[in-house]
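Residues per chain are reported as follows:
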Amino acid sequence: MLAAATAAASETTTPGRKPTDSAQVLVITGSDPYLPAFVAIDAAMRDAVAKNRQAPVNWLYESIDTLRFSSRPDQLLADVLARKYEGVRIDAIVLVTEPAVEFYLRHGAQQWPDTPAIYNFVAAQYARELPADARLTGVTAEVDFEQTLRIALSLQPGARRAIVIAGTAPWDQTLLASAQRALAAHSDHITVEILSGQTPSAIGAHLAQQSPDTIVLFVSLLADASGLAYVPRDVLARLSAESAVPVYGTFESYMGSGLAAGALESFRARGERISELVLRAIDAGASTLPAEPLRSHCVADARQLARFGLDSGRLPAGCDVRFLEPTFFQRYWWQSLLVALALVGQSLLIASLLLQHRRRRAAELSLQAQRAQLLHASRLAVAGELTASIAHEINQPLGAILSNADAAEMLVQSGQIQREELLHILADIRRDDLRASEVIKRLRALLARHVVDRRRFSLNQAIEDTAAILRAEARRRVASIEYSLDAIQADVMGDPVQIQQVIINLILNAFDASAGLAPDRRRVRIETSDTARGVRVTVRDYAGGIAASDLPRLFDPFFSTKSAGMGLGLSIARSIVEAHGGTITAANGDIGAEFCMTLPIAPPTEYAEQPVPAAP
Ligand code: ADP
């Protein structure tokens, strides 16, 4: 700054600068230049000048500080400044507060006779009384107590008392007078108590006692009665913390430091307005035009409103409510967005999985229905093959019944009623009838279009039942079925009819293979045994076995070496066995084919209700 000042000293003193020339502005503050309000206004002023002027501006600062040093004659200071700025070109002077204006009027006119001066932060009344001087203009501090009181009364409509807090500094007192004038308009319903010059601790203790019908107006407290200086904003913060009622005020620097609400002017706007005058002074060389005063507007602190339960809805329309707690979504908006997206994505995924599941389930059900139909059709085909033997098996008991009926009739006609013999005949008739109906029952069980059953049943028993169904067919083919059911744990879970269907198929294939051989080789042997993987059923014959080249294709659908064969029996058998969780294989034994089916044994009875593998 010193270098810049020295450089500027050699420049001419013609008023007005080209915007491309650098310039120097002297800021004289009448009090502590670091009061928050002055710092904020100064920063806004310098920002605006820098933004709107091409060449740089060099800022020089002096503080008169008559508040704390008022008893000292300022002539000494004036002399120091006169020496300091001798020959230094100053393009504009900014005078902050009334003491600075006073100093300028006393000494500056001689020191800087041609330099325009701009006052800032002086009372309007004071500005009006200034001597007419073309070089002096500025922006007064329009402290709006009227509007501030209206805001306070709208937030606390039941208020009956007002406490006004002010210091003893001239500025404090000027403002206090203005506040009192504003309060006079409400004197019919508000009693006023003035706390002037008291220490912050005394005021705080008093405010802590107040009832909700009291409003507190914090005017300014630059000094107390003992002359101790304060930063008003810091005093307010302390008082507000102790106060039992809301505190109102008129300066933006108070906002955020405990002020509930007030009519405030914007320090940024003030700084910008001063900057316009500074630029005009630098570049036009004069500041003849009066400056527009600034308008105050309602500002409130949401935290203080909440603290005292004040309704922000009562504030004037357009009031600037600051320090609103951001809502959860405002604070965590991107996290919320991510979570929402993840939820939507997850829901879509779940929906699509459910849809897929439903479709798959529907497809499975339709497949199951088709397979059940196929199995039924294949059982009907087997029944067709067995027609001759079935007819014979039913015919036999029917014939026996007929002969027994004939014998009984003859006995009755002979007139020699032998009761014992008749009873014997009737018992035979019943037995034969039962035999025939047993055959029909077994066939119906096999052929009915039954729903797929899942239950625990004995494989040994299922084999015996199957052998009974095929007994007549065996007789017809002059063949025999032998079995040796040695499995001890032969209980399996599933559909007994389907398993019977597999066994019938294996036995009929063995019969087919042995057709044309000597009767002693037309034998089918069925064995059951326990293995580590479950119960094993072996169906073997003595008919020479399967050609090695056919073995790999045996279970393929439509593979048949028979002239009238469909080639579906073994493929259906395998699908049934696999659906029961088992395996079926074909191999060649010593003198014939050997089919091995292994099924898992049923779990112990207490777990029998658990689901079993889906069967076709
Ligand atoms: P199909 O009996 O209609 O031919 P299968 O699937 O039941 O259909 O049998 C397929 C083929 O497997 C038979 O054509 C036959 O060549 C062969 N086969 C099945 N069982 C035996 C067996 N016990 N001995 C020899 N070949 C057999």
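This one's a predicted model, so the numbers in the text were calculated from it and none came from an experiment. (Residues numbered from 1 in each chain as written. Predicted model: local features only at pLDDT ≥ 70, side-chain atom pairs only at ≥ 80, totals over all residues. Heavy atoms only, no water.)

*Asks:* Is there a simple way to think about the overall build of the chain in this case?
*Replies:* If you tally the helices and strands in the chain, you get 18 helices and 19 strands. Over its C-alpha atoms the chain spans a radius of gyration of 57 Å, topping by over 25% the 25 Å that the globule rule assigns to 616 residues. The C-alpha extent of the chain, read off along each of the three principal axes, is 165 × 60 × 40 Å. Buried residues in the chain amount to 45% of all 616 residues. Put simply, of all contacts in the chain between residues at least 6 apart along the chain, 74% involve residues at least 24 apart. Counting every atom, the chain has about 31,500 Å² of accessible surface; 57% of that belongs to carbon and sulfur. Averaging the coordinates of the 60 positive side-chain charges in the chain and doing the same for the 67 negative ones gives two points 5 Å apart. (Helix = DSSP H or I, 4+ residues; strand = E, 2+ residues; numbered from the N terminus. Rg over C-alpha atoms; globule rule 2.2 N^0.38 Å. Buried < 20%, exposed > 50% of the residue type's maximum accessible area, 1.4 Å probe, protein only. Contact = heavy atoms within 4.5 Å. Areas by Shrake-Rupley, 256 points an atom, 1.4 Å probe, with all protein chains shown as cover. Lys, Arg positive; Asp, Glu negative; His and termini not counted. Charge placed at Lys NZ, Arg CZ, Asp CG, Glu CD.)

*Asks:* Looking at this structure, I do not really get the site of the ligand. What am I missing?
*Replies:* Around the ligand lies a shell of 20 residues, among which Asp 541, Ser 560, Thr 561, Lys 562 and Leu 570 are the nearest. In this structure, Asp 541 approaches the ligand through a side-chain N or O atom, which is 2.8 Å from a nitrogen atom. Within the backbone of Leu 570, a nitrogen or oxygen atom sits 2.9 Å from an oxygen atom of the ligand. The fraction of the free accessible surface of the ligand (530 Å²) that becomes covered by protein chains is 91%. Placement of the ligand is best described as lying within the largest pocket. At the level of elements, α17 (496-514), α18 (569-579) and β19 (593-599) are the ones that each hand at least two residues to the shell around the ligand. Counting residues per element, the shell around the ligand draws most heavily on α17, which supplies four residues. Of the residues assigned to the shell around the ligand, the class counts are ten nonpolar, eight polar and two charged. (Near = heavy atom within 4 Å. Polar contact = N/O pair within 3.5 Å; in protein donor to acceptor, adjacent residues only side chain to side chain. 1 Å grid on protein atoms, 1.4 Å probe; cavity = no way out; pocket = protein on both sides within 12 Å on 5 of 7 lines; lining within 4 Å. Sits in = over half its atoms within 2 Å of the grid points. Nonpolar A, V, L, I, M, F, W, Y, C, P; charged D, E, K, R; others polar.)

*Asks:* When you look at the sheet that holds strand β16 (residues 523-531) in this model, what are you seeing that I'm missing?
*Replies:* Strand pairing in a sheet is mediated by backbone hydrogen bonds. Such pairs are either parallel or antiparallel. The five strands lie next to each other as β14-β16-β17-β19-β18, forming an open sheet whose pairing is mixed. In this open sheet, the two edge strands, each paired with only one partner strand, are β14 (480-485) and β18 (583-588). Adjacent strand axes in the sheet meet at a mean angle of 15 degrees when their direction is disregarded. Strand direction decides the pairing type here: strand β17 (residues 534-541) and β19, joined by six bridges, are antiparallel. By the bridge assignment, Val 539 is partnered in β19 with Phe 595. (Pairing = 2+ DSSP bridges. Axes fitted to C-alpha atoms, helices over the stretch in contact; angles between N-to-C directions.)

*Asks:* Which parts of the structure should I look at to understand the state of the cysteines?
*Replies:* Where two cysteines share a covalent bond between their sulfur atoms, that bond is called a disulfide. Within the structure shown, the criterion is met by one disulfide. The disulfide bridge from Cys 298 ends at Cys 319, spanning 2.1 Å between sulfur atoms. Every disulfide takes its handedness from the sign of the S-S torsion; for Cys 298 and Cys 319 that torsion is -65 degrees, giving left-handed. Pair noted here: Cys 298 is in strand β11 (residues 297-301) and Cys 319 is in the loop between α12 (302-307) and β12 (320-322), with a separation of 21 residues, a long-range link. We classify Cys 298 as buried; its relative accessible area is 6%. Exposure remark for Cys 319: the relative accessible area of 14% places this residue in the buried category. (Disulfide = S-S within 2.5 Å.)

*Asks:* Looking at this model, I keep getting lost on helix α9 (residues 200-207). Mind explaining?
*Replies:* Helical periodicity: at 3.6 residues per turn, an α-helix aligns residues three or four positions apart in one direction. Looking at α9, one finds that the buried residues are Pro 200, Ile 203, Gly 204 and Leu 207. Taken down its axis, α9 places every buried residue within 100 degrees of arc, on the same side. Summarising the contacts, the buried residues of α9 are in contact with β6 (161-166), β7 (191-196), β8 (214-220) and α10 (232-242). (Arc of directions from axis to C-beta.)

*Asks:* Which parts of the structure should I look at to understand unusual backbone geometry?
*Replies:* Leaving glycine out, the prevailing phi sign among residues is negative, and the prevailing peptide bond configuration is trans. Its identity is not glycine, yet Phe 121 carries a phi of approximately 65 degrees, on the positive side. In this fold, Phe 121 is placed in strand β4 (residues 117-123).

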